[in-house]
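# Summary of the model geometry
These are the residues of each chain, in order.
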Amino acid sequence: MDERIRQEIQQEANRCPVQSIPWNNIRNRVLNNTITNTSLQRNAIIRKSGYAFAVAIVICGLLVSSGFISPVMATTLERIPVIKAIFNFVGDRGIQNAIDEGLTTKVNRTATDKGISVTITDVLYDQGRLDIGYTVTTSRADLSPDDYPGDLVISLGSPGMQFLANNKPIHDTAQETNQKMGNGRVGLVEIYPRGDLPNTFNLQIVIHQIGNQQGDWILMVPVSRQYADAATKVFSPMQTEVIGQTAVVIRQIQIAPSSAVIEFSLTQPITGHFIWSNLPMYHVVDDKGHGLQNRSDYIVSSQIEGNMKTEVVRMIYQSPKTIPNYLVFITGPDDIGYPKNIKVFLK
Amino acid sequence: MTIRMNGFLHLISGGVKERVSNTNDQDITSGFVSRICSGDIITYEEFVREQWAGAVRTCWLILRNVCDAEEAAQDAFVNLYKSRGQLKDLNKFRIWFYKILVNAARQQGRRQTKTLSASDIEVLDPDDKIDQTDTRIVIQDAMHGMGKLEITALVLCYFCDLTDREASIVAGWRLGTYKCRLAKARRQIAKRLQDK
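Fair warning: this is a prediction, and the values are worked out from it, not measured in the lab. In every chain, residue numbers begin from 1 and rise along the written sequence. Chains carry letters from A onward and ligands carry numbers from 1 onward, assigned in written order. Owing to the predicted nature of the model, reporting of local features is limited to residues with pLDDT of at least 70; listing and counting of side-chain atom pairs is limited to 80 or more, with chain, interface and lining totals taken over all residues.

## Quick look at the overall build of chain A
Only runs of H or I of at least four residues qualify as helices and only runs of E of at least two qualify as strands under DSSP, and these elements are numbered from the N terminus. On a plain count of helices and strands, chain A comes out with seven helices and 19 strands. Exposure classes come from backbone-placed C-beta atoms, where a residue is buried if 20 or more other C-beta atoms lie within 10 Å of its own, exposed if 12 or fewer do, and partly exposed in between. In chain A, which comprises 347 residues, the proportion classed as buried is 36%. In chain A, of all internal contacts separated by at least 6 residues, the share reaching a separation of at least 24 is 61%. Contact definition: two residues whose C-beta atoms, as placed from backbone geometry, lie within 7 Å.

## So, the overall build of chain B
Across its full length, chain B holds eight helices and four strands. The N-to-C order of helical and strand elements in chain B reads β-β-β-β-α-α-α-α-α-α-α-α. When each of the 196 residues of chain B is scored for burial, the buried share is 37%. Counting contacts in chain B only where the partners sit at least 6 residues apart, residues at least 24 apart contribute 67% of the total.

## Description of the sheet that holds strand 2 (residues 116-125) of chain A
Residues and elements named next belong to chain A. Should DSSP find at least two bridges between two strands, the strands are regarded as paired. The strand order 1-2-3-7-6 describes an open sheet built from five strands, whose pairing is antiparallel. Both outer strands of the open sheet, strand 1 (105-113) and strand 6 (172-181), are each paired with one neighbouring strand and no more. Ignoring strand direction, the axes of neighbouring strands in this sheet form an average angle of 20°. Where strand 1 meets strand 2, seven bridges bridge the pair, whose relative direction is antiparallel. Pairing of Thr 105 across the sheet is with Val 123, part of strand 2. An axis is simply a line fitted to the C-alpha atoms; with a helix, the fit covers only the stretch in contact. Between two such axes, the angle follows the N-to-C directions and lies from 0 to 180 degrees.

## Considering the interface of chain B and chain A
With 37 residues of chain B at the interface, the matching set in chain A holds 33 residues. Secondary structure elements with two or more residues in the side of chain B that touches chain A: strand 2 (9-11), helix 2 (41-63), helix 3 (66-82), helix 5 (130-144), helix 6 (148-159) and helix 8 (175-195) of chain B. At nine residues, the largest contribution of residues to the side of chain B that touches chain A is made by helix 2 of chain B. For the side of chain B that touches chain A, a count of residues per class yields 20 nonpolar, seven polar and ten charged. Three categories are distinguished: nonpolar for Ala, Val, Leu, Ile, Met, Phe, Trp, Tyr, Cys and Pro, charged for Asp, Glu, Lys and Arg, and polar for the others, with Gly belonging to the last.

## A short note on the nonpolar core
With 57 residues, the main nonpolar core has Val 56, Cys 59, Ala 73, Ala 76, Leu 101, Ala 153 and Leu 156 of chain B as its most contacted residues. In terms of residue count, helix 2 of chain B provides more of this core than any other element does, twelve residues in total. What marks off one domain from the next here is an automatic or database domain assignment. Residue assignment places this core across two domains, with domain 1 (1-116) and domain 2 (122-196) of chain B each supplying three or more. The contacts of Leu 156 of chain B, once residues within four sequence positions are left out, are Leu 162, Ala 167, Val 170 and Ala 171 of chain B. The nonpolar core criterion groups buried Ala, Val, Leu, Ile, Met, Phe, Trp, Tyr and Cys residues into a set whenever they are joined through C-beta atoms within 7 Å. Leu 103, Leu 130, Ile 191 and Val 248 of chain A belong to the second largest nonpolar core, which has 53 residues in total.

## A look at the sheet that holds strand 8 (residues 200-210) of chain A
All names here are of chain A. The four strands lie next to each other as 5-4-8-9, forming an open sheet whose pairing is antiparallel. Lying at the two open borders of the sheet, with one neighbouring strand each, are strand 5 (168-169) and strand 9 (213-224). As paired strands, strand 4 (residues 161-165) and strand 8 are joined by five bridges and run antiparallel to one another. Looking at strand 8, one finds that Phe 163 is bridged to Ile 205.

## Some thoughts on helix 1 (residues 30-37) of chain B
Residue and element names in this part refer to chain B. Residues Phe 32, Val 33 and Ile 36 constitute the buried set of helix 1. Here the buried residues of helix 1 occupy an arc of 95° about the axis, which is enough to place them on one side. With its phi angle positive at about 95°, Gly 39 sits one or two positions after the end of helix 1. Working definition: the arc comes from the directions between the helix axis and the C-beta atoms, pointing outward to the latter.

## Overview of helix 3 of chain B
Here helix 3 of chain B contains 17 residues, and its C-alpha end-to-end distance of 24 Å stays within 8% of the 24 Å for a straight helix at 1.5 Å per residue. Counting buried positions along helix 3 of chain B gives 13 out of 17 residues, so the element sits mostly inside the fold. Here, expected helix span is obtained from the residue count minus one, scaled by 1.5 Å.

## Section: the confidence of the model for chain B
Residue and element names in this part refer to chain B. pLDDT is a residue-level measure of predictor confidence that goes from 0 to 100. Taken as a whole, chain B shows an average pLDDT of 75; of its residues, 72% reach a score of 70 or greater. Predicted confidence is poor over residues 6-26, with pLDDT under 50, and the contacts of this stretch with residues over four places away or in other chains come to 32 contacts. Here residues 113-126 scores under 50 on pLDDT; set against residues more than four positions off or in separate chains, the count is 17 contacts. Under the prediction, the complex receives an ipTM of 0.76, its pTM being 0.49.

## Observations concerning the environment of Arg 35 of chain B
Residues and elements named next belong to chain B. Locating Arg 35 in the fold gives a position in helix 1. Taking the C-beta count within 10 Å as the criterion, Arg 35 has 17 such neighbours and is therefore assigned partly exposed. When residues no more than four places from it in sequence are discounted, the contact partners of Arg 35 are Asp 40 and Thr 43.

## Things to note about unusual backbone geometry
Residue and element names in this part refer to chain A. For the bond running from Tyr 148 to Pro 149, omega is 10°, close enough to zero to count as cis. In this model, Ser 158 is joined to Pro 159 through a cis peptide bond whose omega is 5°. Within the element layout of this structure, Pro 159 appears in the loop between strand 3 (130-138) and strand 4. Unlike most non-glycine residues, Asn 166 shows phi in positive territory, near 50°. Even without glycine at this site, Asn 167 takes up a positive phi of about 70°.

## What to know about the packing of helix 6 of chain B against helix 8 of chain B
Residue and element names in this part refer to chain B. It is the contact of helix 6 with helix 8, at a shortest axis distance of 8 Å, that shows an interaxial angle of 95°. When the axis of helix 6 is compared with that of helix 8, the two are roughly perpendicular. Contact with helix 6, carried on its side by Leu 149, Glu 150, Ile 151, Ala 153, Leu 154 and Cys 157, involves Tyr 178, Arg 181, Leu 182, Lys 184 and Ala 185 of helix 8 and no other residues of that element. Across the contact of helix 6 with helix 8, the residue classes tally to eight nonpolar, no polar and three charged. Each angle receives one of four descriptions, namely roughly parallel if under 35 degrees, roughly antiparallel if over 145, roughly perpendicular if within 65 to 115, and oblique otherwise.

## Side note on the pairing of strand 6 of chain A
All names here are of chain A. Strand direction decides the pairing type here: strand 6 and strand 7 (residues 184-193), joined by ten bridges, are antiparallel. Looking at the pairing, Met 181 lines up with Gly 184 of strand 7. Where strand 6 hands over to strand 7, the hairpin turn is made up of two residues, of which Gly 182 adopts a positive phi near 60°.

## Focus: the environment of Lys 191 of chain B
Relative to the elements of secondary structure, Lys 191 of chain B occurs in helix 8. The sequence separation of Lys 191 of chain B and Ala 142 of chain B amounts to 49 residues, and the corresponding C-alpha distance is 9.1 Å.

## Considering the confidence of the model for chain A
All names here are of chain A. With 80% of its residues at a pLDDT of 70 or more, chain A shows a mean pLDDT of 79. Looking over chain A, one finds the lowest element-wise mean pLDDT in helix 4 (residues 71-78), namely 42, and the highest in strand 10 (residues 233-235), namely 93. Low confidence marks residues 66-84, where pLDDT is under 50. Its contacts with residues over four positions away, or in another chain, come to 28 contacts.

Take a look at the structure:
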């Protein structure tokens, strides 16, 4: 039986479609880290000081706010090692940028049901993304904060965490990270909306199940990107490149505090085989050679005129640390057959 | 000194074992490892190219999402290079690499995207034989029904070909805990195969 299981597992693994090796990406990440370690140590110290300051503010905020919630929750939150969680979560460069620029909004609103409290601690909202930080705590001794069985874990989507903007569901690509902290859990939801959300809106967070517990945890958080918009740079290069039979137009690049939104169009004959998802615009490198990490992408519009089809695509990346002089779009590994780099100056 | 990296195997449809690339990739010499550890980017590239497919498949078996698996494998290779100075005993390179890989998969699992992507949708191949497809579905169901811990044990044993002791070190569990989880996974999968 052992041999049969081995054979079946090997065959099962063989079903995984392995794409080409993203060597350029790996090399860039490796070399970037090497450079950072040698020449930018001073910046690293400044950045770490900034984190420490931000963390101190968050700790104070949590401790102060916990006093207003309930004595049980205050005791619980006091025991949470917030520093560790914050450092884990700010592993994302976009969030680091936003924290550096003081663009996160402290919320600290709590909903309690069935002895479980959900607190929205921070919100970050800009052109490309909406991030929500939260904690889950309980006064009940029969519920465990551990991963397994996950009594305090909230999944995304109904009946777990659902998000509405002014009472309308947000169409998005979302992902969520959470971890145990003390006798509670802390988490971060990253939402990449598909389409435009209003500059300011009421974000509703509706939860009907936490772990196996059903209940109602409904929170309303006013959200605004007023300050993030002020810190967003918008470029409209309208630069056209032709790849085979396809015309690629880089229409707009928005570099917001925590995200970079790149909009481009592809025009090609209807019979063409060049589809946007084959165009690895995922590989965007700034003027210092740092790759931007792709977070989401979607088709904004699609139209046919005569025998030509035009698709407008929007891609969302983590924002670069500073506004670069130019971006390089690496439009395909050689094996796809469309090797061409597009350099776009941001002036 | 030679270190065996025998976990990364492919099977072609006929069930015959086939190497990922050439036969040399099975044996990683201490010279090769020490060049990686000294930061030789060319040797490192060679290593990445040889082990990429196996690393992605290992992560995919644990995570069940191609994008997440590729991201985890990428993180693992980057972490390996970044922490190359921490490897004290070159003989343990293989275990060390798997440990980094499994940790990267776990990390990715924690932030795993909950949305379904096109690559997760399986379209059955009309050329597949019914019996093969049936077995595959049984295996998939069995693995979906398992916890991440049991799947990890199963993958380390049957896909990575690690010994019990090596697998327990890679997973960061006591030997007894590993054996217990592997036995549980094995029981579940064997029962499904027998019921088929």
